[in-house]
Amino acid sequence: MVSIESFLFCTKDHKGNPDFLVNIQEYEMLDVNLLDALYPEGGISIICNGQVLLEPGQWDLPDRLFLLFAAALVQVKQEGKAGFMFPDSPVDVILRLKKGGFLLLRIGNRATVVLVEEFAVALFDAAILFFENFLRLNPRYNGDYESDLALIREQQRLYGSFRIS
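From a predicted model like this one, the values you see are computed outputs, not experimental measurements.

A. Molecular detail of the environment of Phe 86. The residue Phe 86 is located in the loop between β6 (81-85) and β7 (92-98) in this model. Along the chain, Phe 86 and Pro 62 lie 24 residues apart, while their C-alpha atoms are 9.7 Å from each other. In contact with Phe 86, not counting residues within four places along its chain, are Leu 54, Gln 58, Asp 60, Leu 65, Val 91, Val 93 and Ile 107.

See the structure below:
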């Protein structure tokens, strides 16, 4: 089982100080404000087979992380392996295709093996959910994030067009 959720740093005091992380799906229910809609700091939670690989407290830029993970999945399907560094943190991510349709996923010093298709479905679904919610919450920034959402959907399409050998 793979669970992926996204969170944003929010503040109640309108001073720009990050007070807490809010799941993007719960954002509208709370009386909070994003710190910076052009530079959305937050986190992603990735849990695979009960093992926490990434916690929201390991915050970074969730929009960039989703784009990096999506591109890495396409690369894994093409080349069998991929890797990248977090945008604003010294955390490396390694994805390596294994026999039987499995994926070795390492984020920093945490690693697991998961079915590649299960991880891909969860990742693309979570990324699309993040960008759709973010666009709804921040309509004045539609241009940049609409193109990011389109890129995620294109990478999802590309990913689906490759066969794992």
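B. Region of interest: the pairing of strand β8 (residues 102-107). Here β8 shows a clear split, with Leu 103, Leu 105 and Ile 107 buried on one side and none of Phe 102, Leu 104 and Arg 106 buried on the other. Note: β7 against β8, six bridges, orientation antiparallel. Note on β8: the bridge partner recorded for Val 93 is Ile 107. What sits between β7 and β8 in their antiparallel hairpin is a turn of three residues, with Gly 100 showing a positive phi close to 80°. Alignment of β8 against strand β9 (residues 110-115), held across six bridges, turns out to be antiparallel. Within the sheet, the bridge partner assigned to Ile 107 lies in β9 and is Arg 110.

Parameters and conventions
- Residues numbered from 1 in each chain as written.
- Predicted model: local features only at pLDDT ≥ 70, side-chain atom pairs only at ≥ 80, totals over all residues.
- Heavy atoms only, no water.
- Helix = DSSP H or I, 4+ residues; strand = E, 2+ residues; numbered from the N terminus.
- Contact = heavy atoms within 4.5 Å.
- Buried < 20%, exposed > 50% of the residue type's maximum accessible area, 1.4 Å probe, protein only.
- Pairing = 2+ DSSP bridges.

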